[in-house]
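One letter stands for each residue in the lines below.
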Amino acid sequence: STQSTGDEFLDSVYWIRQIIAIVFGVVWGMIKFKGIFGILIYVMLNLGIIFFYYSSYHEVDEEEYGGHGELAKEGLLTSFSLFLVFWIILYTLYMQPAATIAV
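Residues numbered from 1 in each chain as written. Predicted model: local features only at pLDDT ≥ 70, side-chain atom pairs only at ≥ 80, totals over all residues. Heavy atoms only, no water.

A. Here's a closer look at the overall build of the chain. Helices and strands together make up the secondary structure of the chain, namely four helices and zero strands. Starting at the N terminus and walking to the C terminus, you meet the elements of the chain as α-α-α-α. Within the chain, buried positions represent 27% of all 103 residues. Across the chain, contacts joining residues at least 24 apart in sequence account for 80% of those joining residues at least 6 apart. Counting every atom, the chain has about 6700 Å² of accessible surface; 70% of that belongs to carbon and sulfur. (Helix = DSSP H or I, 4+ residues; strand = E, 2+ residues; numbered from the N terminus. Buried < 20%, exposed > 50% of the residue type's maximum accessible area, 1.4 Å probe, protein only. Contact = heavy atoms within 4.5 Å. Areas by Shrake-Rupley, 256 points an atom, 1.4 Å probe, with all protein chains shown as cover.)

So this is what it looks like as structure tokens:
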């Protein structure tokens, strides 16, 4: 059914965003990005990758899903939260001197 296929596509957009969040959160933490610069780059890359995914790779009609805005919002805040968690944890771990990390 069309509704089932639509839900599956939105689920794939959601989970791809979560993977993007983890990957970029780890990378941003390891290379020690700071501040709004890191956040803006993440948001632009996240939106760009998802736009490419649904417009070029899947070639879907975005109007079926409520337009570009709805697809851009799908899972964005949860992925942003996940990105921040990974970024902050890794950044904090990499900024600690080796002798002060308690095991």
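B. Representation of the packing of helix α2 (residues 35-57) against helix α4 (residues 76-95). Packing of α2 against α4 leaves a shortest axis separation of 12 Å and a crossing angle of 135 degrees. The pairing of α2 with α4 is recorded here as oblique in orientation. Here α2 runs over α4; the crossing is right-handed. Residues Gly35, Gly38, Ile39, Tyr42, Val43, Asn46 and Leu47 of α2 form the contact with α4, whose own contacting residues are Leu76, Ser79, Phe80, Phe83 and Trp87. Its residues assigned to classes, the contact of α2 with α4 comprises eight nonpolar, four polar and no charged. (Axes fitted to C-alpha atoms, helices over the stretch in contact; angles between N-to-C directions. Parallel < 35°, antiparallel > 145°, perpendicular 65-115°, else oblique. Left-handed = near helix turned anticlockwise from the far one by under 90°. Nonpolar A, V, L, I, M, F, W, Y, C, P; charged D, E, K, R; others polar.)

C. Structural detail: a nonpolar patch on the surface. A contiguous nonpolar patch, built from Ile19, Val23, Val27, Met30, Ile31, Val85, Ile89, Leu93 and Tyr94 and spanning about 800 Å² of accessible area, is present on the exposed surface. Of all the secondary-structure elements, those providing two or more residues to the nonpolar patch are α1 (2-30) and α4. Following the sequence through the fold, Ile89 ends up in helix α4. On the basis of relative accessibility, which here comes to 46%, the residue Ile89 falls in the partly exposed class. (Patch = residues over 30% accessible without salt bridge, like charges linked within 9 Å, V, L, I, M, F, W, Y side chains within 5 Å. Salt bridge = Lys/Arg side-chain N within 4 Å of Asp/Glu carboxyl O.)

D. Up close: α4. Relative to the 28 Å expected for 20 residues at 1.5 Å per residue, α4 spans 28 Å between its end C-alpha atoms, a close match to the ideal helical length. Buried within α4 we find Ser79, Phe83, Trp87, Leu90 and Tyr91. Seen along its axis, α4 keeps its buried residues to an arc of 105 degrees; they face one direction. Of the residues in α4, the exposed ones pointing more than 90 degrees away from the buried face are Leu77 and Ile88. (Expected span 1.5 Å × (residues − 1). Arc of directions from axis to C-beta.)

E. Layout of the nonpolar core. Of all hydrophobic cores here, the largest spans 16 residues; its most connected members are Phe9, Phe24, Trp28, Tyr42 and Phe83. When contributions to this core are tallied by element, the ones reaching two or more residues are α1, α2 and α4. For this core, the leading source of residues is α1, giving six residues. (Core = buried A, V, L, I, M, F, W, Y, C linked by side-chain atoms within 4.5 Å.)

F. The arrangement of α2 in detail. With 23 residues, α2 extends 32 Å between its outermost C-alpha atoms, agreeing within 8% with the 33 Å of an ideal straight helix rising 1.5 Å per residue. Those residues of α2 not exposed but buried are Gly38, Ile41, Tyr42, Asn46, Ile50, Tyr53 and Tyr54. Taken from the residues just after α2, Glu59 is the one with a positive phi, measuring 50 degrees.

In short, geometric facts, not functional conclusions.
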